[in-house]
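Coordinates in review
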There are 2 protein chains.
Amino acid sequence: MNIIIDGMGGDYAPAEIVKGAVKAAEVIPHDIYIVGRKAEIEEELKKNKYKKKSIKIVNADDVITMSDSPVKAIRRKTESSMVVGLNMLKDGHGDVFISGGNTGALVVGARMILGRIEGIDRPVLASVYPKLGGEPSLLVDAGASSEAKAQNLLEYGLMGSIYMEKVWGRKDPKVGLVNLGTEESKGTSVIKDAYARLKTAPINFIGNVEARELPTGECEVIVCDGFVGNVILKLSEGLAWNILKLVKNMLMSNLRTKIASLALKSKMSSLVKEFDYEEYGGAPVLGVNGPVIKIHGSSGSTAVMNAIIKSVPYSEENVVNIIRQSMLDMEENIESSEGN
Amino acid sequence: MNIIIDGMGGDYAPAEIVKGAVKAAEVIPHDIYIVGRKAEIEEELKKNKYKKKSIKIVNADDVITMSDSPVKAIRRKTESSMVVGLNMLKDGHGDVFISGGNTGALVVGARMILGRIEGIDRPVLASVYPKLGGEPSLLVDAGASSEAKAQNLLEYGLMGSIYMEKVWGRKDPKVGLVNLGTEESKGTSVIKDAYARLKTAPINFIGNVEARELPTGECEVIVCDGFVGNVILKLSEGLAWNILKLVKNMLMSNLRTKIASLALKSKMSSLVKEFDYEEYGGAPVLGVNGPVIKIHGSSGSTAVMNAIIKSVPYSEENVVNIIRQSMLDMEENIESSEGN
């Protein structure tokens, strides 16, 4: 397969993107197309030893910046690395597209250029949610839209479940709806409606989950609107860092514990790693006609490499087609039950 | 002043309520009225050595349970400890009411029996949000209503600011609005409208805050709807406990760090204490015509004592009157600016 990556997207592009692509090419047997300013990318490639056959450059002169307005940028910057890369995916010149650029532009661009999967009202960005000492969960919506209708939340649960099963290899992943309490009667009218829809969907819906339960990883697909999703991701990050900093300061504050602290250093860093998005393979854009992955703007070469590796099952397991088929099946089920 | 406490509200009522009242009576020079089933409360009082003069029992035969529907319970259970207590506050037989009972019933009861402060559209429950290694913040809404209008969010910010200043002694507390990003243009239409209102309010509004910043305590009054507030409080609790458990396990896993772990035990427990709601004086119901405090259902005697102590400035600093006056001033300002 051919993997397309935005060579200009992210704080450390193109250097870290190129380095990550080179690393990934050592591990996987696929071709990697780096899209962006040819001269700059060649310059970076020269700094690395790499498999010439598997890394290719596709020139794109323009760049969508973080301050660009998404819709305008996608419409006007037709020569940008992001638009060129998405068009390559659309035209079949590649099987997956990865970018660390402007998140809004990537979600909008994927929707405008690739189009929504039939039956999907709103494509969404999903993100890994780390579990301490265990396998991570997937959170949908990670912040693509600040509000959601019940039908959107149903789609999030369905698409997240398929992604977890196909890309992460989870069997019947547990899907939970973030709510004020576990009772079916809790929450806003939108949440109650979403509960009713998720209950009848062909997924392993475990009902409402309280935010307190999220760090245990019991709920493998976390369904919420983008506002709540943003709060969950950012609060977890902020709190984890603050607690670990405090524990570290405690350990360093006297000689006896200072010695222990040094002994613990490697263990502590493995704990911090759990909150390190570099370890996971990026955030999929779900609900568009093609596999698209967003990586963090500050991604280093490890994050880039991991995202490239994770993009393989996202494409090869036919996640997009399975989502399409599931939506059709659900609509047929509703029609046939209405016909009765 | 006279402090009224619901003797039957909470998982360990009346035993821990009575014990907490006895402890508080040692510290503050005020009378404490325990409302509930007289025989049961007398039984508990007998187990403690206490100042007979400062602790009084007011009989109430009925109890509102956790499974009672709030509105129905307040209307029908007129002889319950909660309704009797709230009526005492209304009729001037006490200066503050504290309960660990059904949260929904307490908020609804406070609104129905005491009435809203003029100009306040919706009373709200505020809660302490702990800061690691520092003074806590106040979070409004802690889960009273799952949705909020812009005007509600304005009221939350104003009332929270007054409470923090008068009860916690903070000068010009920093008020922040939880949002997806810090830019004024971010968020839902409700959030954008709330931003515009908070900006003109007579408070120290610092603008939008991202959830990542909350654990640092920079924002002293955290404004959000009750759904988001519930997610913030419960996720913080769950995550803190999970991280600390993991650190503890790490420390205990080998001999060298095990010794250090014992040395650290007291330090660790002081860290856990930061997430212990028992340390803080309960959650005020803001926006009703009288000071009402909710304590956690699982409160032990320390939490009860702390809430009783914290109830003194809530009443004596005239928080309710100051909120009323602030609302009047704001309305007059709007009218006079509209007249120009």
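As a starting point, this report considers the structure included with it. (Residues numbered from 1 in each chain as written. Chains lettered and ligands numbered in written order. Predicted model: local features only at pLDDT ≥ 70, side-chain atom pairs only at ≥ 80, totals over all residues. Heavy atoms only, no water.)

Let us look at the nonpolar core. Looking at soluble globular proteins, one finds that nonpolar side chains tend to be buried together. By size, the foremost hydrophobic cluster in this structure holds 228 residues, and its most contacted members are A:I232, A:V292, A:I308, B:I232, B:V292 and B:I308. No other element matches helix α8 (residues 226-252) of chain B, which puts 13 residues into this core. In contact with B:I232, not counting residues within four places along its chain, are A:V231, A:L235, B:Y129, B:L139, B:V178, B:L214 and B:C224. (Core = buried A, V, L, I, M, F, W, Y, C linked by side-chain atoms within 4.5 Å. Buried < 20%, exposed > 50% of the residue type's maximum accessible area, 1.4 Å probe, protein only. Helix = DSSP H or I, 4+ residues; strand = E, 2+ residues; numbered from the N terminus. Contact = heavy atoms within 4.5 Å.)

The next subject is the sheet that holds strand β5 (residues 124-129) of chain A. The strands that make up a sheet are held in pairs by hydrogen bonds between backbone atoms, and each pair lies either parallel or antiparallel. Residue and element names in this part refer to chain A. Strands sit in the order β3-β2-β1-β4-β11-β10-β5-β6-β9-β7-β8 across an open sheet of 11 strands; the sheet is mixed. Single-partner strands in this sheet number two, and they are β3 (55-59) and β8 (204-209). Sheet twist, expressed as the average angle between the axes of neighbouring strands with direction ignored, equals 25 degrees. Relative to strand β2 (residues 31-36), strand β1 (residues 2-6) is paired through five bridges, and the arrangement is parallel. (Pairing = 2+ DSSP bridges. Axes fitted to C-alpha atoms, helices over the stretch in contact; angles between N-to-C directions.)

Moving on, we come to unusual backbone geometry. Following B:A13, the chain continues into B:P14 via a peptide bond in cis, with omega recorded as 0 degrees. Of note, the bond from B:V140 into B:D141 is cis; its omega dihedral lies within 30 degrees of zero at 15 degrees. Structurally, B:D141 is set in the loop between β6 (134-140) and α6 (150-167). A positive phi angle is found at A:N318, which is not glycine, with a value near 60 degrees.

All names here are of chain B. Orientation of helix α1 (residues 15-27) relative to helix α10 (residues 301-316), taken along the N-to-C sense of each, is 45 degrees, at an axis distance of 7 Å. Taken together, the axes of α1 and α10 lie oblique to each other. The element α1 and its partner α10 pack so that their crossing is right-handed. Within the contact between the two elements, α1 uses E16, I17, K19, G20, A21, K23, A24 and V27 and α10 uses S301, T302, V304, M305, I308 and I309. Broken down by class, the residue content of the contact of α1 with α10 amounts to eight nonpolar, three polar and three charged. (Parallel < 35°, antiparallel > 145°, perpendicular 65-115°, else oblique. Left-handed = near helix turned anticlockwise from the far one by under 90°. Nonpolar A, V, L, I, M, F, W, Y, C, P; charged D, E, K, R; others polar.)

This part covers the packing of aromatic side chains. This structure, assessed with the given rule, holds four aromatic pairs over all chains. Ring centres of A:Y195 and A:F205 lie 5.2 Å apart, and the angle between their planes is 75 degrees; on these two criteria the pair is classed as edge-to-face. Within this pair, whereas A:Y195 is found in helix α7 (residues 189-200), its partner A:F205 is found in strand β8, the two being separated by 10 residues in sequence. Residue A:F205 is classed as buried on the basis of its relative accessible area, which comes to 15%. Against the face of B:W168 rests B:K310, its NZ or CZ located 4.0 Å from the ring centre. (Phe/Tyr/Trp six-rings, centres within 6.5 Å; stacked < 30°, edge-to-face > 60°. Lys NZ or Arg CZ within 6 Å of the ring centre and 35° of its normal.)

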